[in-house]
Amino acid sequence: MQVPAQFEYHKATSVDDAIALLTRHGPESFVVAGGHSLLPMMKLRLAEPETLIDINGLDELATVTVESDHVRIGAMVRHSALLSSPVIAEHFPIFTDAERLIADPIVRNRGTIGGSLCQADPSEDLSAAFSAMRATAVIRGADGEREVPVREFHRGPYETAVAHEELLVAVRVPIRPASGSAYAKLERRAGDWAVASAGAMLRVDAGTVAEVGIGLSAVGAAHFVAPEAEEYLRGGPASDEAFVEAGRISAAHCSPSADQRGPVDYKRHLAGELTTRVLRRAARRSRGEEA
Amino acid sequence: MQITVSVNGESHVRDVEPRLLLTHFLRDELRLTGTHWGCDTSNCGACVVRLDGVPVKSCTVLAVMADGAEVTTVEGLAHGRTDADLDPVQEGFMVCHGLQCGFCTPGMMLTSRALLDRDPAPSAATIREAISGQICRCTGYENIVRSVQWAAAKEAATRDAADADTDSSEALA
Ligand SMILES: Cc1cc2nc3c(=O)[nH]c(=O)nc-3n(C[C@H](O)[C@H](O)[C@H](O)COP(=O)(O)OP(=O)(O)OC[C@H]3O[C@@H](n4cnc5c(N)ncnc54)[C@H](O)[C@@H]3O)c2cc1C
Ligand code: FES
Ligand code: FES
């Protein structure tokens, strides 16, 4: 039987209280959100925080709100809530696609958007989806809020721009009229982490790619993005040949590692194929041909 | 740390270590051993209980996180002690052989109950999706799906009968 090492436990009553608790308890204190990454690590003693600060009671972080030209997704929004949100399905089908494939429905009832981004697992799905959407992370500390593009949020595996005495409070995603987005992932079995996955956002103006974002996960893409493929597409035709070429470019530039989920060449192939597929689907959605 | 947790409608006050997992709180502190524990990786779902109505893997929730919450375990599914008091989901598992060894069964039944509460007529695909985070090593899932469909049909029939009752009393009035 695996049990976590001992720790002190505090329930935060507000974001400011959580920040004050993190400050008071020092570097060995951790925030716990859904706990579905942290608690398994604590059970295996891969993490041994001295203090846990529980932010599950912070309902103000658990809302999805439309704010003029963007949607603000609170850090404590559960995967299941993102999946069932009509606002998200309307503006950002990429998240609905992704959430159907993240973990399993029971884990999704507990795991949060903020926890996923802050865990910064190299195979984490939402980081790729938010990067494709060119979203912005909202981080709060004792001195107030600051914003960091999600593309600069990840500092490496399991490392983010959130300092110890700060909290990720929300992610802001721009609403782009006449755009489309999509996500696809290959998994070995239902509920497993990705062998490879890709997400895309496209805004097409008179047949030309006006805006594009391509996110990749589990294939060693820096910051979960494929900038070379984006560069190739931007300003060019939104054609099937271009999407195939963009897939080839993103496959060439990622750097997967071999593990129990597959060898390098297989993952590279998937990165390319999935990139092409999500670009096609995002394009169809931008034309209103697909929900 | 002192916590108060309502389990199957009964309030329990206990002094627990923060590291105690909800599974072990239920099994070891309250002796409700119907909630099973089958892995260390949050994968198997043998430990599923409802936390304020929502199915969760209780091995990945701290007991202290359930302070002030309402938990339903498999022991809370039946209304009493006879077969007639069983939840339709339990009846379905009995009638359709939804279990063999029974290890996965409590978690499967709680997830199924929660599914039927929000979707009274789920398709086979919806049922399979709902239980996709739970492992059964015996049944091949086929009979679990049938069991849930049986429960859904029974509840639909009960609702129809109740509606017919209201209709006929309205006709009389
Ligand atoms: C069986 C299983 C399968 C899974 N499969 C997938 C999958 O396929 N794809 C996928 O992407 N994920 C998967 N996950 C991970 C799942 O999505 C987790 O829920 C998620 O990664 C972490 O969210 P959490 O709320 O549980 O975070 P927690 O475990 O509570 O926290 C994770 C880390 O983030 C920190 N943190 C949390 N919230 C904040 C905040 N607001 N501000 C600052 N720091 C914070 C914590 O201190 C901790 O270090 C899986 C998990 C399990 C158990
Ligand atoms: S005991 Fe396996 S998921 Fe909880
Ligand atoms: S009945 Fe044996 S594991 Fe499901």
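Computed from a predicted model, the values in this text were never measured in an experiment.

Parameters at a glance
- Residues numbered from 1 in each chain as written.
- Chains lettered and ligands numbered in written order.
- Predicted model: local features only at pLDDT ≥ 70, side-chain atom pairs only at ≥ 80, totals over all residues.
- Heavy atoms only, no water.
- Buried < 20%, exposed > 50% of the residue type's maximum accessible area, 1.4 Å probe, protein only.
- Helix = DSSP H or I, 4+ residues; strand = E, 2+ residues; numbered from the N terminus.
- Contact = heavy atoms within 4.5 Å.
- Polar contact = N/O pair within 3.5 Å; in protein donor to acceptor, adjacent residues only side chain to side chain.
- Pairing = 2+ DSSP bridges.
- Axes fitted to C-alpha atoms, helices over the stretch in contact; angles between N-to-C directions.
- Domains from an automatic or database assignment.
- Buried area = accessible area lost by both parts, 1.4 Å probe.
- Salt bridge = Lys/Arg side-chain N within 4 Å of Asp/Glu carboxyl O.
- Phe/Tyr/Trp six-rings, centres within 6.5 Å; stacked < 30°, edge-to-face > 60°.

1. Side note on helix α1 (residues 22–29) of chain B
Residue and element names in this part refer to chain B.
Okay, step 1: Here α1 has its buried residues at L22, T23, H24, F25 and L26.
Okay, step 2: Looking at the packing, one finds that the buried side of α1 touches β1 (2–7), β2 (10–15), β3 (48–51) and β5 (70–72).
Okay, step 3: Positive phi appears at R31, one or two residues downstream of α1, with a value of about 60°.

2. A word on the side chain of D87 of chain B
Okay, step 1: Mapped onto the secondary structure, D87 of chain B falls in the loop between β5 and α2 (88–95).
Okay, step 2: A polar contact of 2.8 Å, which involves the side chain of D87 of chain B, links it to the backbone nitrogen of V89 of chain B.

3. Some words on the sheet that holds strand β13 (residues 208–217) of chain A
Residue and element names in this part refer to chain A.
Okay, step 1: Spatial strand order, β11-β12-β13: three strands in an open sheet with antiparallel pairing. Looking at which strands have only one partner, the edges of the open sheet turn out to be β11 (179–187) and β13. Neighbour-to-neighbour, the strand axes of the sheet open up by a mean angle of 10°, direction not taken into account.
Okay, step 2: Where strand β12 (residues 194–205) meets β13, nine bridges bridge the pair, whose relative direction is antiparallel. When the bridges of β13 are listed, D205 appears paired with T208.
Okay, step 3: Against the sheet, helix α5 (residues 93–101) makes contact with β11 and β12, and its axis sits at roughly 15° relative to β11, the strand it touches most.

4. Points about the pairing of β2 of chain B
Okay, step 1: Relative to β2 of chain B, β1 of chain B runs antiparallel, the two sharing six bridges. If you follow I3 of chain B over to β2 of chain B, its bridge partner there is R14 of chain B.

5. Details of the domain arrangement of chain B
Residues and elements named next belong to chain B.
Okay, step 1: When cut into domains, chain B gives domain 1 (1–76) and domain 2 (81–173).
Okay, step 2: One C-alpha centre belongs to domain 1, the other to domain 2; they are set 23 Å apart.
Okay, step 3: Domain 1 puts 17 residues into the contact, and the matching count from domain 2 is 14 residues.
Okay, step 4: Across the interface of domain 1 and domain 2, roughly 1,100 Å² is buried in total on both sides, 64% from carbon and sulfur atoms.
Okay, step 5: The tally of links from domain 1 across to domain 2 stands at one salt bridge.
Okay, step 6: A salt bridge links D117 to R50; its shortest N-O distance comes to 3.0 Å.

6. Quick notes on the packing of aromatic side chains
Okay, step 1: On inspection of all chains with the given rule, the structure shows two aromatic pairs over all chains.
Okay, step 2: Each member of the aromatic cluster is reached from another via a ring pair, and the members are F92, F95 and F130 of chain A.

7. What about the domain arrangement of chain A?
Residues and elements named next belong to chain A.
Okay, step 1: The domain boundaries assigned to chain A delineate domain 1 (8–54), domain 2 (59–174) and domain 3 (179–286).
Okay, step 2: Placing a centre on the C-alpha atoms of domain 1 and another on those of domain 2 gives a separation of 19 Å.
Okay, step 3: Across the contact, 16 residues belong to domain 1 and 17 residues belong to domain 2.
Okay, step 4: It is V15, I19 and H36 in domain 1 that bury the most area against domain 2; as a group they hold 42% of the surface buried on that side.

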